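Commentary on secondary and tertiary structure
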Amino acid sequence: METILTITNLTKKFGRLTAVNNLSFSIEKGNVYGILGPNGSGKSTTLGIVLNVVNKTSGGFSWFDGRATTHEALKKVGAIIERPNFYPYMSAVQNLKLVCKIKGVHEDKIREKLELVGLWERKDSAFSTYSLGMKQRLAIASALLNDPEILILDEPTNGLDPQGIHQIRELIKHIAAKGTTILLASHLLDEVEKVCSHVVILR
């Protein structure tokens, strides 16, 4: 089995506060991993470190069995670690065209990804008219534009109503069934049980 991500004795301190303490785990291709833990247990910090937006204090991580630098590896990663952020008055298609330019991806991917997340019918609607669940689905479409080998989601159903939660969970299962490895952080045991094949528990 190909190892996509290996984390070894990872530690992050913010002054006196230890946010991540000596964490080790690895992620194999083709599974759905959940990082489960209460708010403040270091889930987002861990994801931030492997995505190169937070500096580690000690320990380490390597992508794709260490065959690629972090910069190179991140081209094969799709991630949503903050609230979906798009231009409110632009349509879904216009926003995704912009993402394609930034990622250097061909625009012919847009239709495929919008159909995948169930938003093709609303492709010309302004982002500001979308419900929270639709905004989250557009963010997932955006993260999938470069056909990543792994999709990283931080609390993907946070703030959604029951219908939105159900849609996102079904979408995650569907994306996983197509062979994309998924790593999601959640404080909801129920969520991890429903969608994940493996779980890492942070205290």
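Quick summary incoming for the structure in this document. (Residues numbered from 1 in each chain as written. Predicted model: local features only at pLDDT ≥ 70, side-chain atom pairs only at ≥ 80, totals over all residues. Heavy atoms only, no water.)

**Side note on the pattern of salt bridges**
Counted by the stated rule, this structure contains 16 salt bridges. Ionic pairing is found between Glu 72 and Lys 75, a salt bridge with its closest N-O pair at 3.3 Å. A relative accessible area of 40% means that Glu 72 is categorised as partly exposed. Between Glu 115 and Arg 111 there is a salt bridge, with the nearest N and O atoms lying 2.7 Å from each other. Placement of both Glu 115 and Arg 111 in helix H4 (residues 109–116) is noted, with a separation of four residues, approximately one turn of the helix. Residue Glu 115 is classed as partly exposed on the basis of its relative accessible area of 42%. On the accessibility criterion, Arg 111 (45% relative accessible area) is partly exposed. Among the charged side chains, a network of salt bridges with common partners joins Lys 109, Glu 112, Lys 113 and Asp 147. (Salt bridge = Lys/Arg side-chain N within 4 Å of Asp/Glu carboxyl O. Buried < 20%, exposed > 50% of the residue type's maximum accessible area, 1.4 Å probe, protein only. Helix = DSSP H or I, 4+ residues; strand = E, 2+ residues; numbered from the N terminus.)

**Focus on the sheet that holds strand S1 (residues 3–14)**
Hydrogen bonding along the main chain pairs the strands of a sheet, whether they run parallel or antiparallel. Here three strands make up an open sheet; going across it, the order is S2-S1-S4 and the pairing antiparallel. Since the sheet does not close on itself, it has two edges, and those belong to strand S2 (17–28) and strand S4 (58–63), each with one partner. Neighbour-to-neighbour, the strand axes of this sheet turn through a mean angle of 15°, independent of strand direction. As paired elements, S1 and S4 share five bridges and run antiparallel to each other. (Pairing = 2+ DSSP bridges. Axes fitted to C-alpha atoms, helices over the stretch in contact; angles between N-to-C directions.)

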